[in-house]
Amino acid sequence: MHNVTLIKGDGIGPSIMEAAVKIIDASGAKINWEEADAGMAAFEKHGTPIPDATLASIEKNRVAFKGPLTTPVGKGFRSINVALRQQYDLYANVRPAKTWKGAQTRFDNVDIVVVRENTEGLYAGLEHFLTPKKDIAESLAVVTRQGSERIVEYAFKYARENGRKKVTICHKANILKYTSGLFLDVAREVAARYPDIECDEKIVDAICMHMVMDPSQFDVVVTTNMFGDILSDLTAGLVGGLGLIPGANIGSDAALFEAVHGSAPDIAGKNIANPTAVIMAGVMMLNYLGEHEAANRIKAATEKVIGDGELVTPDLNRNSKAGTTEMRDAIIAAMR
């Protein structure tokens, strides 16, 4: 039995997480859920967005399954996601984007995995005002040799273990000579240790252009924190949107799995939220835990339901009368 900390989150989080949990339970995976609070709901209840009890649960279980959390824009507490990644040194953020049969997209056969450094860069949180009037603000980007080496190493190992052929190093070393330059230098050193994996280098703005022109030229992309955040949303747009994209945050001895989209409070409680992203995050979690049979069962059932295009949420089929619960039940039925 695997003990997993369950954080249902804000907005649509409770409804899509309930769907994912029921699907995982129906798959036969041996999961013991330990529910914990985080986000705006936790702040209103406990006076903090990350209660000590939640941190203690993750510390004990070392695996968490999390719904979307609301973070105030421009004020209030910093991102809870960033805080959790830094707290448990979850240095690798893995976001696969693959086209689905049944999802309307501009391209066919997109299959890109963005591997993003998750703990440093501009998201290290080192920012401040330079004047008493607060009219000049400064952010410091932190890039280390250790952080760069381990994320690029992770990307090449991931490529090798998952039958991938190519890793693209994404950078901005032409302008950011020191921070992005260090990342690129270290990435080249790591790439030399993997002669069986093709490697190329692209500047971040060029990557964005090439991805929307011909995404088939990309396989695994490894990059720094903010660039990875942006590119993973871009790849999501290539395959049907954030409602289909899961995310894994991996450290040396802990992991957190989540949907990468937001809490969408405007559609909370309406039974129309697409649960696919968090379901597939659950599939990534099950594979991490060694529950490969259950993971494959859920993946195949979800692909069937989306491919059929009937019992899916309206974002996948505008004519569908089904919602989150109907899609959940269809996936469970497909597993049987």
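Residues numbered from 1 in each chain as written. Predicted model: local features only at pLDDT ≥ 70, side-chain atom pairs only at ≥ 80, totals over all residues. Heavy atoms only, no water.

Chemist: What is the right way to read the side chain of Asn93 from this model?
Modeler: Structurally, Asn93 is set in strand β4 (residues 92-98). When near neighbours in sequence (up to four residues on either side) are disregarded, Asn93 contacts Val114, Val115, Arg116, Asn118, Ala248 and Asn249. (Helix = DSSP H or I, 4+ residues; strand = E, 2+ residues; numbered from the N terminus. Contact = heavy atoms within 4.5 Å.)

Chemist: Please explain the environment of Glu258 as it appears in this structure.
Modeler: As for its position among the elements, Glu258 is in strand β12 (residues 255-259). Since its relative accessible area comes to 2%, Glu258 is described here as buried. Separated by 72 residues in sequence, Glu258 and Val186 place their C-alpha atoms 29 Å apart. Every residue in contact with Glu258, bar those within four places of it in the chain, is listed here: Lys66, Asn81, Arg85, Pro246, Gly247, Asn249 and Ala281. A polar side-chain atom of Glu258 sits 2.8 Å from a polar atom in the side chain of Lys66. (Buried < 20%, exposed > 50% of the residue type's maximum accessible area, 1.4 Å probe, protein only. Polar contact = N/O pair within 3.5 Å; in protein donor to acceptor, adjacent residues only side chain to side chain.)

Chemist: In this structure, what is going on with the packing of helix α10 (residues 292-308) against helix α11 (residues 324-335)? I would like to understand it.
Modeler: Orientation of α10 relative to α11, taken along the N-to-C sense of each, is 120 degrees, at an axis distance of 8 Å. Our classification of the angle between α10 and α11 gives oblique. Viewed along their axes, α10 and α11 form a crossing whose handedness is right-handed. On α11, the residues that touch Arg297, Ile298, Ala301, Thr302, Lys304, Val305 and Ile306 of α10 are Met327, Ala330, Ile331, Ala334 and Met335. (Axes fitted to C-alpha atoms, helices over the stretch in contact; angles between N-to-C directions. Parallel < 35°, antiparallel > 145°, perpendicular 65-115°, else oblique. Left-handed = near helix turned anticlockwise from the far one by under 90°.)

Chemist: Which parts of the structure should I look at to understand the pairing of β4?
Modeler: Regular strands have side chains that alternate between both faces of the sheet. Summarising burial for β4: 5 of the 7 residues are buried, a large majority. As defined by bridge partners, β4 adjoins strand β5 (residues 111-117) across 7 bridges and the pair is classed as antiparallel. Within β5, the residue paired with Val94 across the bridge is Val115. One ladder, built from 3 bridges, connects β4 with strand β11 (residues 246-250); its direction is antiparallel. Bridge pairing in β11 places Asn93 opposite Asn249. (Pairing = 2+ DSSP bridges.)

Chemist: Quick question: what am I supposed to make of the environment of Ser139 here?
Modeler: With respect to the helices and strands, the residue Ser139 is situated in strand β7 (residues 137-142). Between the C-alpha atoms of Ser139 and Glu127, which are 12 residues apart in sequence, the distance is 4.1 Å. For Ser139, the contacting residues outside a window of four places in its chain are Leu122, Leu126 and Glu127. At a separation of 2.7 Å, a polar atom in the side chain of Ser139 contacts the side chain of Glu127.

Chemist: It is not clear to me how the sheet that holds strand β8 (residues 166-171) should be interpreted in this structure. Could you clarify?
Modeler: Sheets are built from strands paired through backbone hydrogen bonds, the pairs being either parallel or antiparallel. Across the sheet, which stays open at both edges, the 10 strands sit in the order β2-β1-β3-β12-β11-β4-β5-β10-β8-β9 with mixed pairing between neighbours. Each edge of the open sheet is held by one strand with a lone partner, namely β2 (31-36) and β9 (198-203). Taking the axes of each pair of neighbouring strands and ignoring which way they run, one obtains an average angle of 20 degrees across the sheet. Pairing of β5 with strand β10 (residues 220-223) involves 4 bridges; the strand directions are parallel. Counted as the bridge partner of Arg116 is Thr223 from β10. Contacting β4, β5, β8, β9, β10 and β11, helix α5 (residues 145-161) crosses the sheet at an angle of about 160 degrees to β5.

Chemist: Sorry if this is basic, but what is going on with the packing of α5 against helix α6 (residues 179-191) here?
Modeler: The relative placement of two packed helices is expressed as an angle between their axes plus a distance between the axes. Contact geometry for α5 and α6: axes closest at 9 Å, N-to-C directions at 45 degrees. On the basis of their axis angle, the class for α5 and α6 is oblique. In this structure, the crossing between α5 and α6 has a hand that is right-handed. Facing Arg145, Ser148, Glu149, Ile151, Val152, Glu153 and Phe156 of α5, the residues of α6 in contact are Leu182, Phe183, Val186, Ala187, Glu189, Val190 and Ala191. Among the residues forming the contact of α5 with α6, the class breakdown is 9 nonpolar, 1 polar and 4 charged. (Nonpolar A, V, L, I, M, F, W, Y, C, P; charged D, E, K, R; others polar.)

Chemist: Please explain the environment of Ala281 as it appears in this structure.
Modeler: By the secondary structure assignment, Ala281 is in helix α9 (residues 276-288). Remark: the alpha-carbon pair of Ala281 and Leu256, spanning 25 residues in sequence, is separated by 9.3 Å. Those residues in contact with Ala281 that sit more than four places away from it in its chain are Phe65, Pro246, Gly247, Phe257, Glu258 and Ala259.

Chemist: Mind showing me how you'd approach the packing of aromatic side chains here?
Modeler: We describe a pair of aromatic rings using the distance from one ring centre to the other and the angle between the two ring planes. On inspection of all chains with the given rule, the structure shows 4 aromatic pairs. Ring centres 6.3 Å apart and planes at 90 degrees place the aromatic pair Tyr91 and Tyr154 in the edge-to-face group. Linking Tyr91 in the loop between α4 (80-87) and β4 with Tyr154 in helix α5, this pair joins segments that are 63 residues apart in sequence. (Phe/Tyr/Trp six-rings, centres within 6.5 Å; stacked < 30°, edge-to-face > 60°.)

Chemist: Explain the nonpolar core here, please?
Modeler: Membership of the largest hydrophobic core comes to 72 residues, with the highest contact counts inside it found for Ile24, Trp33, Phe65, Val222, Phe257 and Met285. No other element matches α9, which puts 9 residues into this core. Phe257 has contacts with Val63, Ala64, Phe65, Lys66, Gly247, Ala248, Ile250, Ala281, Met284, Met285 and Tyr288, leaving out every residue within four places of it along the chain. Counting residues in each nonpolar core, the second largest holds 18 residues, with Val204, Phe227, Ala236 and Ile245 among its members. (Core = buried A, V, L, I, M, F, W, Y, C linked by side-chain atoms within 4.5 Å.)

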